[in-house]
Amino acid sequence: MNAAQTYDLVVYGGTPGGLACAIRAAREGLSGLLVTHTPHLGGMLTSGLCVWDTIHEGRRAPIYDELRAAILEHYRETYGETSEQYRAAVPGAVSHSNGNFEPRVAQAMVEKLVAAEPSIHVVRQHIPSAVSTDDRALCSVTFKEFSGAATFDVSAAIFADCSYEGDLMALAGEPYAVGRESRAAFNEPHAGRIFMTYQQEQQDPESQRLLTLQRALKLRQLPGHYGVIETEGSGRGDDLVQAYNWRTMLTADPDNRVPLPPAPAVPGVDLTKLDRPWDFEFLPNQKFRINRPQLLERQTEYVEGDWAARQRVMDEHWNAFLGIVHAMQNDPALKPADRERWQSYGLPKDEFADNGHRPYEIYARETRRLSGRYVFTEHDALLAPGLERTPVHGDSIAATEWPIDIHACTDQREGHSLQEGKTILYLETFPGQLSLRTILPPRLDNLLVPVCCSCTHVGWGTIRLEPTWMNIGESAGQLAAFAVKAKTPPARVDADRLQRHLTKSGVMLSYFSDVPVTGDDGWEAAMNYFGTKGFFAEYAARPRELLTVETGTIWAEASAALLAGKLEPMAVAKRIFAAGKSGAPMNLNAFRRVLPPELAARFPTGEQALARGRACQWLFESLPA
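Residues numbered from 1 in each chain as written. Predicted model: local features only at pLDDT ≥ 70, side-chain atom pairs only at ≥ 80, totals over all residues. Heavy atoms only, no water.

A.B. asks: Is there a simple way to think about the overall build of the protein chain in this case?
C.D. replies: The number of helices and strands found in the protein chain is 19 helices and 20 strands. Its C-alpha radius of gyration of 25 Å places the protein chain within 12% of the 25 Å reference for a compact globule of 625 residues. Each principal axis of the C-alpha distribution contributes one length, and for the protein chain these read about 80 × 65 × 55 Å. Out of the 625 residues in the protein chain, the part that is buried amounts to 60%. Counting contacts in the protein chain only where the partners sit at least 6 residues apart, residues at least 24 apart contribute 76% of the total. Each charge class in the protein chain can be summarised by its mean position, and for the 63 positive and 77 negative side chains these summaries are 3 Å apart. (Helix = DSSP H or I, 4+ residues; strand = E, 2+ residues; numbered from the N terminus. Rg over C-alpha atoms; globule rule 2.2 N^0.38 Å. Buried < 20%, exposed > 50% of the residue type's maximum accessible area, 1.4 Å probe, protein only. Contact = heavy atoms within 4.5 Å. Lys, Arg positive; Asp, Glu negative; His and termini not counted. Charge placed at Lys NZ, Arg CZ, Asp CG, Glu CD.)

Listed below in structure tokens is the structure:
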């Protein structure tokens, strides 16, 4: 590269969120630079994750949808619909079996997507080393070779930190959090030090109500209910983050297997006390993905460390993985058949061949978290008081849906079934909305942080998944495009205008159990949009049911407030909930009469009964440009 380059958008981080951000901006006409610290793009998708962590099987954002479909189509075209490979790749019926893939396939599809955008310039194996700022703008970033001394400077209208580590955000001096907040900090029931244990299905009325609402969501149902055990120190905050480990694979295929290298001892680690990788998830081509072991309390150094310190952490975790597999191959306590099975396993030689068959990135489940203009907390993933849905955000740019699922932070058990810090809220978590303000730092108006976004440790538990990050990243890329074309910082872009465009483009801002993000009915974008304005107090939008007089009147008054810039979405949602679902139907002309004049003038006329979906569609189309 030249000594200095200028782009519309510079994205640091080749993660799925970074890819979605850069590709969307490029498709909207922006020139972009995509910088990654590894030799390859794709983050955890190409470093051993091997599964789409989502309990929503439908569409959620075009680039995510496109990549997922491309991977599945690869297996269908290459091996055929009746092949073992294709059957292993397609989503199963339950739990985590929601689409499996090999890293090498994900990498090929990722590289193809990026190569199709000639306006994206990619620089690999570089990290940010210095920044320059002026007033409220990040002006330029100096990038340094990952394993060398050469540097280059780049300036841009907008920068996006899409790394897992938040290094650019930190280098730019933006505030961030590390570790666990106390319960008192945000009044979160599951914050801070915590022990949970598995419980049988609860029969109390509230648990049964939650269970009924969960089953109506039409999301994958994950099994089990977990309760909190109060101990001394419960709820105390600290600087600990959840466990890391390598997400990698084994295979018994003799034609595609290399022996595991020797496993150096990890000082201070007793392999006999680590979780063993008994459970296998089947992948195409006779591979199994592994999600253990975890080294607890040894990952904290990674968060704030330089890359030399991070390398030590990664090496310790890799050696622990090798050690645990070697131990199982030679453990006399195992049945001979089990030992023989483990002895047949090796590393797939067609994966990570340029890195000693070791993934390029460790699964750093939690690092820094931006302290942004809004902090997403546990409450944003729980049912809001007075509603049958989570809090409504009028500036939502993405939806969350994965249950709050936090891995252990310490190795303490104290006789309990789960290690300290392990937090599983399958029953309590509901789909949430992510405010635009969570990706906006407080100081710099032209820096976006879609991955290490603004949230608490517990709130992070429902955000930290690649499909969600791709949802957020694509919205951030569209925001960048709006900002560049308007010659204004992204922090000053009108959120409502952005939302209208996103919903028309098929980006999920609101989850509904009965309305997809895209479809042929015509009301999908409108209901997705009005889901951020408080028009729905639950997850069933009921588009084909007739609009009632009570609901229609509230929608009309909310529309007037929206036009006046005075809308309070949560207040609207609570009025909707209080109005109930029954009531006299409202026909088209009656609805038109209560609308603000500027909307009524654009609305069709007629005496026919009005379905809720059609009312939203026509209302959406009547909004002024």
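And the narrative resumes.
A.B. asks: I'm lost on the packing of helix α1 (residues 16-27) against helix α4 (residues 103-115) in this one. Help?
C.D. replies: Describing two packed helices takes the angle between their axes plus the distance from one axis to the other. Where α1 contacts α4, the two axes come as close as 10 Å, and the packing angle between them is 30 degrees. In terms of their interaxial angle, α1 and α4 are classed as roughly parallel. The handedness of the crossing between α1 and α4 comes out as left-handed. Contact residues: α1 offers Leu 19, Ile 23 and Arg 27, while α4 offers Val 110, Leu 113 and Val 114. Of the residues contributing to the contact of α1 with α4, the split by class is five nonpolar, no polar and one charged. (Axes fitted to C-alpha atoms, helices over the stretch in contact; angles between N-to-C directions. Parallel < 35°, antiparallel > 145°, perpendicular 65-115°, else oblique. Left-handed = near helix turned anticlockwise from the far one by under 90°. Nonpolar A, V, L, I, M, F, W, Y, C, P; charged D, E, K, R; others polar.)

A.B. asks: Honestly, the sheet that holds strand β12 (residues 281-283) in this entry has me stumped. Any pointers?
C.D. replies: Read from one edge to the other, the open sheet built from three strands follows the order β10-β13-β12, with strand pairing classed as antiparallel. The open sheet has two edge strands with one neighbour each: β10 (248-251) and β12. Taken over all neighbouring pairs, the strand axes of this sheet differ in orientation by 40 degrees on average, direction set aside. In terms of strand pairing, β12 meets strand β13 (residues 287-290) through three bridges, oriented antiparallel. (Pairing = 2+ DSSP bridges.)

A.B. asks: Honestly, the pairing of strand β1 (residues 4-12) in this entry has me stumped. Any pointers?
C.D. replies: Put simply, side chains in a regular strand alternate between the two faces of the sheet. The pairing of β1 with strand β6 (residues 151-161) spans eight bridges and is parallel. Bridge pairing in β6 places Thr 6 opposite Ser 155. Pairing analysis gives four bridges linking β1 to strand β2 (residues 32-36), with the strands arranged parallel. Within β2, the residue paired with Leu 9 across the bridge is Gly 32.

A.B. asks: I'm lost on the packing of aromatic side chains in this one. Help?
C.D. replies: When we look at a pair of aromatic rings, we describe it by the centre distance and by the angle of the planes. Inspection of every chain in the model, using the stated rule, returns 29 aromatic pairs. An angle of 80 degrees between the planes, with centres 5.5 Å apart, marks the rings of Trp 246 and Trp 318 as edge-to-face. Placement of the pair is Trp 246 in the loop between β9 (225-229) and β10 and Trp 318 in helix α9 (residues 307-330), with a sequence separation of 72 residues. Judged by relative accessible area, Trp 318 falls into the buried class, the value being 5%. Through pairs of rings, three or more aromatic residues link up here, namely Phe 512, Tyr 529, Phe 530, Phe 535, Phe 536, Trp 555 and Phe 620. (Phe/Tyr/Trp six-rings, centres within 6.5 Å; stacked < 30°, edge-to-face > 60°.)

A.B. asks: Would you mind showing me how to read helix α7 (residues 205-215) here?
C.D. replies: Residues separated by three or four positions in an α-helix point in the same direction, a consequence of the helix having 3.6 residues per turn. Every buried residue of α7 is accounted for by Ser 207, Leu 210, Leu 211, Leu 213 and Gln 214. End-on view of α7: buried residues confined to an arc of 165 degrees, all on one side of the axis. Among the exposed residues of α7, those pointing more than 90 degrees away from its buried face are Pro 205, Thr 212 and Arg 215. (Arc of directions from axis to C-beta.)

A.B. asks: Just to check I follow, could you spell out the pattern of salt bridges for this structure?
C.D. replies: Working definition: two side chains of opposite charge can pair if their charged atoms are close together. This model, assessed by the stated rule, comprises 45 salt bridges. A cluster of three or more residues bridged by salt bridges with shared partners is formed by Glu 102, Arg 104, Lys 287, Asp 350 and Glu 351. (Salt bridge = Lys/Arg side-chain N within 4 Å of Asp/Glu carboxyl O.)

A.B. asks: Just to check I follow, could you spell out the environment of Phe 159 for this structure?
C.D. replies: Looking at where Phe 159 falls in the secondary structure, it is placed in strand β6. A residue is classified by how much of its surface remains accessible, and Phe 159, at 0% relative accessible area, is buried. For Phe 159 and Pro 403, which are 244 residues apart along the polypeptide, the C-alpha to C-alpha distance reads 30 Å. Non-local contacts of Phe 159, meaning those with residues more than four positions away in its chain, are made with Leu 9, Val 10, Leu 138, Cys 139, Ser 140, Val 141, Val 154, Leu 168, Asn 446, Leu 447 and Leu 448.

A.B. asks: Just to check I follow, could you spell out the environment of Ser 155 for this structure?
C.D. replies: By secondary structure assignment, the location of Ser 155 is in strand β6. Sequence spacing of Ser 155 and Val 131 is 24 residues, and the spatial spacing of their C-alpha atoms is 9.7 Å. Not counting the four nearest positions on each side in its chain, Ser 155 is found in contact with Gln 5, Thr 6, Tyr 7, Val 10, Cys 139 and Ser 140.

A.B. asks: Even after reading the chapter, I still don't get the packing of helix α2 (residues 62-79) against helix α12 (residues 466-486), so can you show me in this structure?
C.D. replies: Put simply, α2 and α12 touch, their axes get as near as 8 Å, and they point 135 degrees apart. Comparing the axis directions of α2 and α12 gives the class oblique. Contact residues: Pro 62, Ile 63, Tyr 64 and Leu 67 in α2; Pro 467, Met 470 and Glu 474 in α12. Counted by class, the contact of α2 with α12 contains six nonpolar, no polar and one charged residues.

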